[in-house]
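# Fold and contact review
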Amino acid sequence: MSFLLVFAIVLAIGLIAFAVGRQRARAQDDGTVKPHSRAHYHGWLAFLTGVIPAVLFLAAWDIGASAYLNSHIHAALPADVADGTVAHEDLAAGLVKSLASGMRRLDSQTLAALPQTFAELQPMLAAKGVALAPDTQDYMIPIAADANRVSDRLDMIVAVVSIGLVLIGSVYGLSRITPRGRARNHVEKVMLWSLLGASTLAILTTIGIVLSMLFQTIAFFEKIPLTNFFFGTVWDPRFAAAGSGGAEGQFGLIPLLAGTLYIAFVALLVAVPIGLMSAVYMSEYAAPKVRAVVKPALELLAGIPTIVYGIFALVTLGPFLRDISAALAGGTPFIQAQSILTAGLVMGVMLIPVVSSLSDDIITAVPRAMRDGSLGLGATRSETIKRVILPAALPGIVGAILLTASRAIGETMIVVLAAGVAANLTLNPFEAMTTITVKIVNQLTGDLEFNTPQTLVAFALGITLFALTLVMNIVALYIVRKYREQYE
Amino acid sequence: MNIMTEKSLEDAVNAEMNRPNEPIKMRGDQVTVHYGDKQALFGVNLDVRQNQVTALIGPSGCGKSTFLRCLNRMNDTIDSARVGGKITLDSEDIYDPKIDVVELRARVGMVFQKPNPFPKSIYENVAYGPRIHGLAKNKAELDEIVEKSLQKAALWNEAKDRLNEPGTGLSGGQQQRLCIARAIAVAPEVILMDEPCSALDPIATAKVEELIDELRENYTIVIVTHSMQQAARVSQRTAMFHLGYLVEEGPTDKMFTNPDDKRTQDYITGRFG
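Note that the structure is a prediction, hence the values are computed from the model and not measured. (Residues numbered from 1 in each chain as written. Chains lettered and ligands numbered in written order. Predicted model: local features only at pLDDT ≥ 70, side-chain atom pairs only at ≥ 80, totals over all residues. Heavy atoms only, no water.)

Moving on to the overall build of chain A. When its secondary structure is counted, chain A shows 17 helices and two strands. In summary, chain A has a C-alpha radius of gyration of 32 Å against a globular reference of 23 Å for 488 residues, an excess of more than 25%. Taking the principal axes of the C-alpha coordinates as reference, chain A spans close to 80 × 80 × 45 Å. A burial count over chain A gives 41% of its 488 residues as buried. Contacts in chain A between residues far apart in sequence, at least 24 positions, make up 73% of those at least 6 positions apart. When the 32 positive and 31 negative side-chain charges of chain A are each reduced to one mean point, those points stand 17 Å apart. (Helix = DSSP H or I, 4+ residues; strand = E, 2+ residues; numbered from the N terminus. Rg over C-alpha atoms; globule rule 2.2 N^0.38 Å. Buried < 20%, exposed > 50% of the residue type's maximum accessible area, 1.4 Å probe, protein only. Contact = heavy atoms within 4.5 Å. Lys, Arg positive; Asp, Glu negative; His and termini not counted. Charge placed at Lys NZ, Arg CZ, Asp CG, Glu CD.)

Pasting the structure below:
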């Protein structure tokens, strides 16, 4: 029985318990005692006492069962599997698993007379639309068949147990219904816990992401010293074939960090003034009708995928700037087609709506009393904006700019296409440079072993980037919060 | 019928006799205001006399603040507001297209209900207007304007040692006096006050009221208030508004002792409102 079907049955039983519980609570209300909770709370409590244990069991079992199946397959594999054509035991287990899931598509007749060799089996599976790796070995067929049998048995157990749990739980919940029962309080408590669980999940995920990067980063720093990474000025990871030995390559962070900050700086140079001015226009000058059109239109810019901006930079803006510079210099262009300038300009355009939307909210939050006070003294609108509103909103705007800056630092696609992948260390904005994010993609998309410094460096870069943006976000949030206290 | 006419005639004569000789500073002539489709003010005729305090009273939503905000065109900042009729300052129509609203607001200053100092230092708050209008040629002149304004607003003694501290750090009453100093610093002719004491405690209120009385020497003041006692204490003339109409207007002592209109009588004795 499939997982989803079991889940549906559990839910259905729970809903029946809800209906019965509500009915029961209503029937108990004979007017002599004032019920503590309304009938539907009793219904929900019966639903929850039934469904929660069953769902928890389902979740736990699902994890446990796949682990069990995994060890079962590993145990069945021949001991010398790694010496054969398959490079690794995990790989073999993976092949068995995909074979097993492929065999699920076959009908019972074929399964009863399963061919002995993969060469015979493959066309049968291919007929069902299952494509398998050619590495699959003959000895894996019985293991896969066995694994399917085991998992069928496990599925049966889980179905029986969880349906049993929901039944017992519901009956227990229903039996506890009394007119003075505090069902409302219990239901509220469950709500509280589930909300708490939801918010904890996001935090745990973040911690998990950091930890997963941290272990790989430590592995990287075991091979490459910290100082070489953080203070190295040359980025030359030397992609070499696995096991060929030779030079390790150089993993200097400085050129990438410089490129990241430089491009982000150019982008902010474009985005901040334009975004800020459009925010001022929208919050202070625009008539409601104009604002209703312009604001969504501007925010539409934020919805364009960054790869589209990248394409624009690559095929339109980059060549255009190069040709212009060629015309200006008389022949040889001084702006390369892929340059910091191109990437910065396009990224800046991408960030305009971010700046304007955030600052618009902040400027609008400046109390009307400030505007009235200034206008009442005979200040013009622009004097009011320049001397009262912007200074009052400044901390918030700085926060918005820092948030925008972390967006700029994390941007990848525009840089790949507009600034290239060459890790130069230069101050000339007309040359190509690259960023941390681009190099992470670069290092991870090669056909490399996972334990080489060439790959592991991606994690060190990732965690550096994470730390960088985290610090910026913390500073930004701190400033924004401090600003908020000012008018209270 | 005859008696009634005689009585109102007598009142009119009394009112005429009580009217002091100060010239009219501002005059509202058939002033109407619409907010979108809703009419907030219906044909108000009201004179504001020089070097007097004119109090506008009436229940909430009666249009008194609306009228006040017409006098320095602060209603311009509300998109849906439309003002009709004629308002003059020294016989000049302030809604004339030739009039620069910025100049008008420098002549007709405003103090708001809630103290609204800018998030700047005390000094900068007061220096704000003079800087914008270029009233001081140098730092020394600006210092002098700031000091004089703070003195006139009776805040100098409390603030002189902390001119560089933020204005928002003052107490509510001090903040309101700072806002008055800020308005005075522009050297206006008329000061409009929209319930200037409604956010203040009684002690701060007393100080501000005392200040209003002193300011009358040099300025023309129009004040909106919900406090009958305040209107009686600080104003020379009182205008009663109700549902967007001017009910009656006259010398304050007459308004509070012998009003013509029953609605005024009811309102000042607290029977409605």
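After that view, the rundown keeps rolling.
Assigned secondary structure in chain B consists of eleven helices and ten strands. On C-alpha atoms alone, chain B measures out to a radius of gyration of 19 Å, which is about the 19 Å that the 2.2 N^0.38 rule sets for 273 residues. Each of the three principal axes of chain B carries a C-alpha extent, and together these read 70 × 40 × 35 Å. In chain B, which comprises 273 residues, the share counted as buried stands at 50%. In chain B, 67% of the contacts between residues at least 6 apart in sequence involve partners at least 24 apart.

Our focus in this paragraph is the sheet that holds strand 4 (residues 81–89) of chain B. Residue and element names in this part refer to chain B. Taking strand neighbours across the sheet as the criterion, the four strands line up as 2-1-4-5 in an open arrangement whose pairing is antiparallel. Looking at the sheet topology across the chains shown, the edges are occupied by strand 2 (38–49) and strand 5 (92–93). Those strands touched by helix 2 (residues 64–71) are strand 1 (24–35), strand 2 and strand 4, and its axis lies near 120° from that of strand 1. (Pairing = 2+ DSSP bridges. Axes fitted to C-alpha atoms, helices over the stretch in contact; angles between N-to-C directions.)

Further remarks concern unusual backbone geometry. Residues and elements named next belong to chain B. Positive phi outside glycine occurs at Asp-90, with the angle close to 50°. Mapping Asp-90 onto the fold places it in the loop between strand 4 and strand 5. For Asp-90, a relative accessible area of 36% translates into the label partly exposed. Although it is not a glycine, Ala-187 sits at a positive phi angle of roughly 55°. With respect to the secondary-structure elements, Ala-187 resides in the loop between helix 7 (172–184) and strand 7 (190–194). Judged by its relative accessible area of 54%, Ala-187 falls in the exposed class.

Here the focus is the packing of aromatic side chains. Enumeration according to the criterion identifies 14 aromatic pairs over all chains in this entry. Their ring planes at 90° and their centres at 5.6 Å tell us that A:Phe220 and A:Phe251 sit as a pair that is edge-to-face. A residue pair is termed long-range when its members are at least 10 positions apart, and A:Phe220 in helix 7 (residues 183–223) and A:Phe251 in strand 2 (residues 250–251) qualify at 31 residues. Of the residues examined, A:Phe251 reaches a relative accessible area of 3% and is grouped as buried. Summarising the aromatic geometry, the rings of A:Phe221 and A:Phe230 are spaced 6.0 Å apart at their centres and angled 20° between planes, so their arrangement reads as stacked. Residue A:Phe221 is classed as partly exposed on the basis of its relative accessible area of 22%. For A:Phe230, a relative accessible area of 33% corresponds to the partly exposed category. Through a chain of ring-to-ring contacts, three or more aromatic side chains come together here, namely A:Phe220, A:Phe221, A:Phe229, A:Phe230, A:Trp235 and A:Phe251. A cation over a ring is seen here: B:Arg182 above B:Phe118, with NZ or CZ 4.3 Å from the ring centre. (Phe/Tyr/Trp six-rings, centres within 6.5 Å; stacked < 30°, edge-to-face > 60°. Lys NZ or Arg CZ within 6 Å of the ring centre and 35° of its normal.)

Sites flagged by UniProt as "domain: ABC transmembrane type-1" (unreviewed entry) map to residues 257–476 of chain A. Note that residues 257–476 of chain A is 79% helix and 0% strand, and that its end C-alpha atoms are spaced 20 Å apart. (UniProt positions renumbered as here; feature names shortened; annotations may be inferred.)

Residues and elements named next belong to chain A. Spanning 26 residues, helix 1 (residues 3–28) covers 37 Å between terminal C-alpha atoms, matching the ideal 38 Å at 1.5 Å per step. Inspection of helix 1 places Val-6, Val-10, Ile-13, Gly-14, Ala-17, Phe-18, Gly-21 and Ala-25 among the buried residues, and these make up the whole buried set. Among the structural elements, helix 2 (39–76) and helix 6 (140–175) are those in contact with the buried residues of helix 1. (Expected span 1.5 Å × (residues − 1).)

With that settled, the discussion passes to the pattern of salt bridges. In total, this model carries 26 salt bridges over all chains according to the counting rule given. The shortest N-O distance in the salt bridge between B:Asp90 and B:Lys25 comes to 3.1 Å. One end of the pair, B:Asp90, is in the loop between strand 4 and strand 5; the other, B:Lys25, is in strand 1, and 65 residues separate them in sequence. When its relative accessible area of 7% is taken as the criterion, B:Lys25 is described as buried. Between B:Lys25 and B:Glu189 there is a salt bridge, with the nearest N and O atoms lying 2.9 Å from each other. In this pair, B:Lys25 sits in strand 1 while B:Glu189 sits in the loop between helix 7 and strand 7, placing the two residues 164 residues apart along the sequence. Judged by its relative accessible area of 27%, B:Glu189 is partly exposed. When salt bridges with common partners are traced through the structure, they connect A:Arg291, A:Lys295, A:Glu299, A:Asp360 and A:Asp361 into a single cluster. (Salt bridge = Lys/Arg side-chain N within 4 Å of Asp/Glu carboxyl O.)

Moving on: the UniProt feature "transmembrane region" (unreviewed entry) in chain A. All names here are of chain A. Here, UniProt's "transmembrane region" (unreviewed entry) annotation points to residues 43–61, 156–175, 195–215, 261–282, 302–321, 333–355, 388–406 and 456–480. Helix makes up 100% of residues 43–61 and strand 0%, whereas the separation of the span's terminal C-alpha atoms amounts to 27 Å. Segment residues 156–175 splits into 100% helix and 0% strand. End C-alpha atoms: 29 Å apart.

What follows is about the nonpolar core. Counting 66 residues, the largest nonpolar core has B:Leu150, B:Ile180, B:Met193, B:Ile212, B:Leu215 and B:Ile221 as its most contacted members. With seven residues, helix 14 (residues 381–410) of chain A is the largest single contributor of residues to this core. Here B:Ile212 is in contact with B:Val53, B:Met193, B:Ile221, B:Ile223 and B:Val234, once residues within four sequence places are set aside. Core analysis: the second largest hydrophobic core is formed by 54 residues, A:Leu253, A:Val266, A:Ile335 and A:Ala405 among them. (Core = buried A, V, L, I, M, F, W, Y, C linked by side-chain atoms within 4.5 Å.)

The subject of this paragraph is the domain arrangement of chain A. The parts lose accessible area when they come together, and the size of an interface is often stated as this lost area. Along its sequence, chain A is organised into domain 1 (3–181) and domain 2 (250–487). One C-alpha centre belongs to domain 1 of chain A, the other to domain 2 of chain A, and the line joining them spans 48 Å. (Domains from an automatic or database assignment.)

Moving on, we come to the interface of chain A and chain B. Across the contact, 21 residues belong to chain A and 25 residues belong to chain B. Summed over the three residues of chain A that lose the most area to chain B, namely A:Gly376, A:Leu377 and A:Arg387, the buried surface amounts to 35% of that side. For the pair chain A and chain B, the number of links is zero salt bridges. On inspection of chain A and its partner chain B, the count reaches six residue pairs in polar contact (both at pLDDT 80 or more). Listing elements by their share of the side of chain A that touches chain B, those giving two or more residues are helix 13 (368–376) and helix 14 of chain A. Here the element with the most residues in the side of chain A that touches chain B is helix 13 of chain A; it accounts for eight residues. The residue makeup of the side of chain A that touches chain B, split by class, is ten nonpolar, seven polar and four charged. (Buried area = accessible area lost by both parts, 1.4 Å probe. Polar contact = N/O pair within 3.5 Å; in protein donor to acceptor, adjacent residues only side chain to side chain. Nonpolar A, V, L, I, M, F, W, Y, C, P; charged D, E, K, R; others polar.)

We now examine the layout of surface pockets. Estimated volume of the largest pocket: approximately 440 Å³. Every residue lining the largest pocket is counted, 20 residues in all, and those nearest its centre are A:Ser283, A:Glu284, A:Arg368, A:Arg381 and B:Thr77. Elements with a contribution of two residues or more to the lining of the largest pocket: helix 9 (254–285), helix 10 (288–303), helix 13 and helix 14 of chain A. Partitioned by chemical class, the residues of the lining of the largest pocket number nine nonpolar, four polar and seven charged. (1 Å grid on protein atoms, 1.4 Å probe; cavity = no way out; pocket = protein on both sides within 12 Å on 5 of 7 lines; lining within 4 Å. Points joined across faces, edges and corners; volume = space filled by probe spheres on them.)

Here we come to the confidence of the model for chain A. Residue and element names in this part refer to chain A. This prediction gives chain A a mean pLDDT of 84; 94% of its residues lie at or above 70. When mean pLDDT is taken per element in chain A, helix 9 scores highest with 92 and helix 4 (residues 108–112) scores lowest with 73. Here residues 241–245 is a poorly scored stretch, pLDDT under 50, and it has two contacts once near neighbours within four places are set aside; other chains count. (pLDDT = per-residue confidence, 0-100.)

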